[in-house]
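Each chain is listed here by its residues.
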Amino acid sequence: CLRLTVAVCVGLLAHRTWTRNYEWNDGAALYLSSLQAVPRNEKLADLLAVRLLNTNDRTGAEKYARRAVQLNPSYWHAHAVLGQVANERRHAADLSFNWLDGLTHMETALMLAEQQGLLGL
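Description of the structure in this document. It should be emphasised that the depicted structure is a prediction, and the values quoted were computed from it without experimental measurement. (Residues numbered from 1 in each chain as written. Predicted model: local features only at pLDDT ≥ 70, side-chain atom pairs only at ≥ 80, totals over all residues. Heavy atoms only, no water.)

**Things to note about the overall build of the protein**
Argument step 1. Looking only at helices and strands, one finds six helices and zero strands in the protein.
Argument step 2. Along the protein, helices (α) and strands (β) appear in the sequence α-α-α-α-α-α when read from the amino end.
Argument step 3. The burial tally for the protein puts 29% of its 121 residues in the buried class.
Argument step 4. In the protein, of all internal contacts separated by at least 6 residues, the share reaching a separation of at least 24 is 48%.
Argument step 5. As displayed, the protein offers around 8,400 Å² of accessible surface, 59% of which is attributable to carbon and sulfur atoms. (Helix = DSSP H or I, 4+ residues; strand = E, 2+ residues; numbered from the N terminus. Buried < 20%, exposed > 50% of the residue type's maximum accessible area, 1.4 Å probe, protein only. Contact = heavy atoms within 4.5 Å. Areas by Shrake-Rupley, 256 points an atom, 1.4 Å probe, with all protein chains shown as cover.)

Structure follows, in structure tokens:
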């Protein structure tokens, strides 16, 4: 009976490990999984936005950067990511590009970073 219990426990743990390995297959999946567990974490939303922007998923990057700004309007890095998204769209001649929106977010990012003493000026 003890051997059966141990075998079942080991099997369940192995299954859980295999499932987690699948969830954590890449960075975006890891951040998305974490964000589902902690949906009000602006840093996770921002990290996911950066990851998506690095893989040229501008729509996804914008979605999660806006979510980070919505959760914490003074989170400077999310504003910077939104500015980067706009800049990437400009370079890609994307029709949804809004230069004023991108400029506003970059300006907000710089202002917030300066207020938080992150620029070293």
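**Some thoughts on the side chain of Glu42**
Argument step 1. Relative to the elements of secondary structure, Glu42 occurs in helix α3 (residues 42–54).
Argument step 2. Of the side chains with opposite charge, Lys43 comes closest to the buried, unpaired Glu42, at an N-O distance of 5.7 Å.
Argument step 3. What Glu42 contacts, discounting residues up to four positions off in sequence, is Ala68, Leu71, Asn72 and Tyr75. (Lys, Arg positive; Asp, Glu negative; His and termini not counted. Salt bridge = Lys/Arg side-chain N within 4 Å of Asp/Glu carboxyl O.)

**Quick notes on a nonpolar patch on the surface**
Argument step 1. On the surface, Leu2, Val6 and Val10 cluster together into a nonpolar patch covering about 300 Å² of accessible area.
Argument step 2. Here Val10 lies in helix α1 (residues 2–23). (Patch = residues over 30% accessible without salt bridge, like charges linked within 9 Å, V, L, I, M, F, W, Y side chains within 5 Å.)

**Quick word on the nonpolar core**
Argument step 1. In this structure, Leu35, Leu48, Leu52 and Tyr64 are the most contacted members of the largest nonpolar core, which totals 18 residues.
Argument step 2. Every element with two or more residues in this core is listed here: α2 (27–37), α3, α4 (58–71) and α5 (76–91).
Argument step 3. For this core, the leading source of residues is α3, giving six residues.
Argument step 4. Setting aside anything within four residues of it in sequence, one finds Leu52 in contact with Ala28, Asp57, Gly60, Ala61 and Tyr64. (Core = buried A, V, L, I, M, F, W, Y, C linked by side-chain atoms within 4.5 Å.)

**Let's talk about the environment of Glu42**
Argument step 1. Under the relative-accessibility criterion, Glu42 is labelled buried at 17%.
Argument step 2. On a C-alpha basis, the gap between Glu42 and Gln70 in space is 8.3 Å, while along the polypeptide they are 28 residues apart.

**A look at the packing of α3 against α4**
Argument step 1. Taken N-terminus to C-terminus, the directions of α3 and α4 make an angle of 160 degrees; their axes are 8 Å apart at the nearest point. As far as their axial angle goes, α4 and α3 are roughly antiparallel. The crossing of α3 and α4 is left-handed. Residues Glu42, Ala45, Asp46, Leu48, Ala49, Leu52 and Leu53 of α3 lie in contact with α4, whose contacting residues are Arg58, Gly60, Ala61, Tyr64, Ala65, Arg67, Ala68 and Leu71. (Axes fitted to C-alpha atoms, helices over the stretch in contact; angles between N-to-C directions. Parallel < 35°, antiparallel > 145°, perpendicular 65-115°, else oblique. Left-handed = near helix turned anticlockwise from the far one by under 90°.)

**Observations regarding the packing of α2 against α3**
Argument step 1. α3 packs onto α2 with a crossing angle of 160 degrees between their chain directions and a minimal axis gap of 9 Å. It follows from the interaxial angle that α2 and α3 lie roughly antiparallel. For the element pair α2 and α3, the recorded crossing hand is left-handed. Between α2 and α3, the contacting residues are Gly27, Ala28, Tyr31, Leu32, Ser34 and Leu35 on the first element and Leu44, Ala45, Leu47, Leu48, Arg51 and Leu52 on the second.
Argument step 2. Tallied by class, the residues present in the contact of α2 with α3 amount to nine nonpolar, two polar and one charged. (Nonpolar A, V, L, I, M, F, W, Y, C, P; charged D, E, K, R; others polar.)

**A short note on α4**
Argument step 1. The end-to-end C-alpha distance of α4 is 20 Å, a good match for the 20 Å that 14 residues give at a rise of 1.5 Å each.
Argument step 2. Of all the positions in α4, only Gly60, Ala61, Glu62, Tyr64, Ala65, Ala68, Val69 and Leu71 are classed as buried. (Expected span 1.5 Å × (residues − 1).)

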